[in-house]
Amino acid sequence: MASTISYHEPALPQLLALLSFLYLLQVARQIADHLFAAGLLGEIALGVTYGSPLGGILERSWEETFLAIGYIGLILIVFEGGLDANLSVLVSNLPLAIISAAVGVLLPMAFSFALLSGGFGLPAMHAFSAGAALGSTSLGTTFFVLRAQSSDLDLAGTRIGTVLMGAALIDDIIALVLLSVVTALESSSSTALGWVIGRPIVASVTMAIVGPVLAFLVARPLFRSYGEKLLAKLGRNAELFLGVCVLSAFLAVAFYTHTTMLLGAFCAGLFLSALPSSNFDISFLRTFHALVGPLQEYIFAPLFFASIGTTIPFLSLWKGRIIWRGIVYSLLMALGKIVVGLCVLASDTVQRVHPPEPPSPLPSPPYPLRPVSNSPFGGDEKSPTPKSSRLHRLRFSLPGGESCPPAVLLGTALVARGEIGVLIAQVAYASSGDVLGEEAYLIAIWAIALCTIAGPIAFSQAVKRCGASVVAGKWGAARAS
C-alpha cells in the first residue's frame, strides 16, 4: 500500500501561529500603508518577524510552502499587468524601455565595481555578483505599487507607466542572464558558457515577439470566429478556465526554454487581452478582478512580500562594518536606478519632427502648356526635390518642466529590488567557488532591503505630488506614442 500522510489534529500553538500570521499580514499592510503609503513594507517586516531571520515562529516547512504560494502571487501580479497593458503603447515606447533598462543595469554594475572592488578592496568577482543582484528590479513590487497607486489615477495605462513596466520586465530578463553567468562561473566547465548566457536572451526575445504575433494573427481571428460567442454564453467561469490554460501554457514555455516565468505571465496577459472584440461582453481583466482579485489581495500577494522578508538574514546584518558599508552601497544602488529618469529628459530633448505634407497637385489645364524655362539655353529645368525633405527630422530642444515629474516617477519606481536580487545573491553566496563572499553578500542584502523599503515610499510620495500632472500631460494616458 502506498504511503500516505496520517490525518491528525494540528496542535493549538501551530494553529494560533498560522492564524495570527495570516491576520497580522492584513494589519501590518494597513499600518504601513497609513504611515508610508506602501503597505508591502508591513508584510515584509512581518515575514522577518515570524520567519527564520528573527522570531522563528513559523516552521521551516511552512516557510517553504508560503514561498511557493507567494510566487503564485508574484505571477498573478505580473499577469494582471499584462492583461491591463496597452500593446500599441508598449511597442511604440519599447526603445525607451530598452534604453532605460540597460542604464538601470549597467550603472549599478559600474558602481559595484567602483565601491566594492575599488573602495572596499573586495575581489572583483564579488563586486560582479553583487552588482548582478542589484542590477535587477523587483518586478512584483513595481507592478504592485503601480497598481496600488492607480486607484485614483490610471498610471498603469499612461505612457510613462508602460515604459516603467517594459523597463522592469527587461531588467529581470537581463538579471536572469546575469544569474546564468553567475551559475556558469560556479562550475569549472566553461565550454558551453556562450550558450548558457545566450539561451535566456534568445528565449526571451522569441517569446516576446512570437506571443503577440500569434495572438493577433492566429488566435484572435480564430477566437472571434469560433469561440467568442460560446465563451460569452458560458460566462465568467469559462473565461477563468481559458485564462488559467493560457497562463499555464506560457509558464511552461518560459520554464522549459530557460527564461523567466514572469515574462511568460506577462505575455499570457497580453495574449488574452488581444482576443475579445467589442461585440460581446467579454473581459478577462474584469473576470480576474471578480474571481481572483480577493484571493490575490488577501492571500497570494501578502504571502509573496512576506516570503521576501523570510529570506533576509536579519541578525547577521547588525555589525558595525557591515552596517555603514551596506548603507553607503545602498545609496549608490538607489542612485543607479534614479538616474534612469534622465532617459525621459533625453527623450524629450530629441524630438522627431514630421515634414509638412507636399501641396496637392494643380488640376490639369484643358490645353497643353509649353513649359517656361528660366535657363539661358532655353532647355527644360526641373526643380530638384530634395530627398531629405521626405524623411523625418530630429529636433533638439531643452526639456520643459513637464518632463521632470515623469522622470522622477520612472527613477523612483525602479529603485525597489526584491525577489530576483535575493535569488541572485543567495545563489552566488551558496556556490562552491569564491563567487560572492560573506561580507559582499551581507552588504548586497543591506542594499536590497533598504532599496525595497525606500523605493515604494519614494514612488508613493512622487505620485501624490505630481501624479495628476503626469496623467494630464504628454506622458499620460492622452498620448499613446
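Tallying secondary structure elements over the chain gives 17 helices and two strands in all. Scored against the burial criterion, the 481 residues of the chain give a buried share of 47%. If you take every contact in the chain between residues at least 6 apart in sequence, the share linking residues at least 24 apart comes to 83%. Looking at the chain as shown, the accessible area adds up to about 24,300 Å², and 67% of this sits on carbon and sulfur atoms.

Positionally, S129 belongs in helix α6 (residues 124-134). Reaching out from S129, the side chain makes a polar contact with the backbone oxygen of V435 at a distance of 3.1 Å. Contacts of S129, omitting those with residues within four sequence positions, involve V182, I424, A428, V435 and L436.

So, about helix α1 (residues 12-36). The terminal C-alpha atoms of α1, which comprises 25 residues, lie 35 Å apart, in line with the 36 Å expected from a rise of 1.5 Å per residue. The axis of α1 is deflected most strongly, by about 25 degrees, at L24. For α1, the complete set of buried residues consists of A17, F21, L25, Q26, A28, R29 and A32. Those residues of α1 that are buried are in contact with α2 (40-50), α3 (60-84) and α12 (284-310). Downstream of α1 by one or two residues, A37 has phi in the positive range, about 60 degrees.

On to the packing of aromatic side chains. This model, assessed by the stated rule, comprises twelve aromatic pairs. Measuring from ring centre to ring centre gives 5.6 Å for F314 and W318, while their planes differ by 65 degrees; the resulting arrangement is edge-to-face. On the accessibility criterion, W318 (47% relative accessible area) is partly exposed. Pairwise contacts between aromatic rings join F21, Y50 and F66 into one cluster. It is R159 that lies over the ring of W475; its NZ or CZ is 3.9 Å from the centre. One residue, R325, lies across the ring of F120, its end atom 4.3 Å from the ring centre.

Okay, a nonpolar patch on the surface next. A cluster of nonpolar side chains, I201, V205, I209, V210, V213, L214, F216, L217, V218, L222 and Y226, forms an exposed patch at the surface whose accessible area comes to about 1,000 Å². In this fold, L222 is placed in helix α9 (residues 193-234). On the basis of relative accessibility, which here comes to 48%, the residue L222 falls in the partly exposed class.

This part takes up the confidence of the model for the chain. Across the chain, pLDDT averages 84, with 85% of residues at or above 70. Here residues 372-391 is a poorly scored stretch, pLDDT under 50, and it has eleven contacts once near neighbours within four places are set aside; other chains count.

Turning to α12, a few remarks are in order. Think of an α-helix as turning once every 3.6 residues; residues three or four places apart then point the same way. With 27 residues, α12 should cover 39 Å at 1.5 Å per step; its first-to-last C-alpha distance of 33 Å lies more than 12% under that length. Helix geometry: α12 is bent most strongly at V292, by close to 60 degrees, with proline P294 lying one to four residues after it.

Looking now at the pattern of salt bridges. The full count for this structure, using the stated rule, is six salt bridges. Taking the shortest distance from any N to any O, the salt bridge between R29 and E43 comes out at 3.9 Å. Within this pair, whereas R29 is found in helix α1, its partner E43 is found in helix α2, the two being separated by 14 residues in sequence. For the residue pair R29 and E43, the accessibility class agrees, reading buried in each case.

Here the focus is unusual backbone geometry. Excluding glycine, most residues fall at negative phi; most peptide bonds, likewise, are trans. Of note, the phi angle at H258 is positive, near 65 degrees, even though the residue is not glycine. Counting through the fold element by element, H258 comes out in the loop between α10 (236-256) and α11 (261-273).

Turning our attention to the side chain of D348. As for its placement among the helices and strands, D348 is situated in helix α14 (residues 342-349). Since its relative accessible area comes to 4%, D348 is described here as buried. Within the local environment of D348, its side chain forms a polar contact with the side chain of S403, the two groups lying 2.4 Å apart. Side chain to side chain, D348 and K474 meet in a polar contact 3.3 Å long.

A few words now on the packing of α3 against α11. Running from N to C, α3 and α11 point in directions that differ by 40 degrees, and their axes come no closer than 7 Å. As for how α3 packs across α11, the hand of that crossing is right-handed. Of α11, the residues touching α3 (which contributes Y71, L74, I75, V78, F79, G81, G82 and L83) are M261, L262, A265, F266, A268, G269, L270, L272 and S273.

Between α3 and helix α7 (residues 139-148), the shortest axis-to-axis distance is 9 Å and the interhelical angle comes to 55 degrees. With respect to each other, α3 and α7 are oriented oblique. The interaxial crossing formed by α3 with α7 has left-handed handedness. Across from L74, I77, V78, E80, G81 and D84 in α3, the residues of α7 making contact are L139, G140, F143, F144 and R147. Here the contact of α3 with α7 is built from residues that sort into six nonpolar, two polar and three charged.

We now examine the state of the cysteines. Following the criterion strictly, the structure yields zero disulfides and no others. The thiol sulfur of C466 is not disulfide-bonded, and the nearest other cysteine sulfur, from C404, lies at 9.7 Å.

Here is what the cut-offs are and how they apply
Residues numbered from 1 in each chain as written. Predicted model: local features only at pLDDT ≥ 70, side-chain atom pairs only at ≥ 80, totals over all residues. Heavy atoms only, no water. Helix = DSSP H or I, 4+ residues; strand = E, 2+ residues; numbered from the N terminus. Buried < 20%, exposed > 50% of the residue type's maximum accessible area, 1.4 Å probe, protein only. Contact = heavy atoms within 4.5 Å. Areas by Shrake-Rupley, 256 points an atom, 1.4 Å probe, with all protein chains shown as cover. Polar contact = N/O pair within 3.5 Å; in protein donor to acceptor, adjacent residues only side chain to side chain. Expected span 1.5 Å × (residues − 1). Bend = angle between axes of the 7 residues up to and from the residue. Phe/Tyr/Trp six-rings, centres within 6.5 Å; stacked < 30°, edge-to-face > 60°. Lys NZ or Arg CZ within 6 Å of the ring centre and 35° of its normal. Patch = residues over 30% accessible without salt bridge, like charges linked within 9 Å, V, L, I, M, F, W, Y side chains within 5 Å. Salt bridge = Lys/Arg side-chain N within 4 Å of Asp/Glu carboxyl O. pLDDT = per-residue confidence, 0-100. Axes fitted to C-alpha atoms, helices over the stretch in contact; angles between N-to-C directions. Left-handed = near helix turned anticlockwise from the far one by under 90°. Parallel < 35°, antiparallel > 145°, perpendicular 65-115°, else oblique. Nonpolar A, V, L, I, M, F, W, Y, C, P; charged D, E, K, R; others polar. Disulfide = S-S within 2.5 Å.

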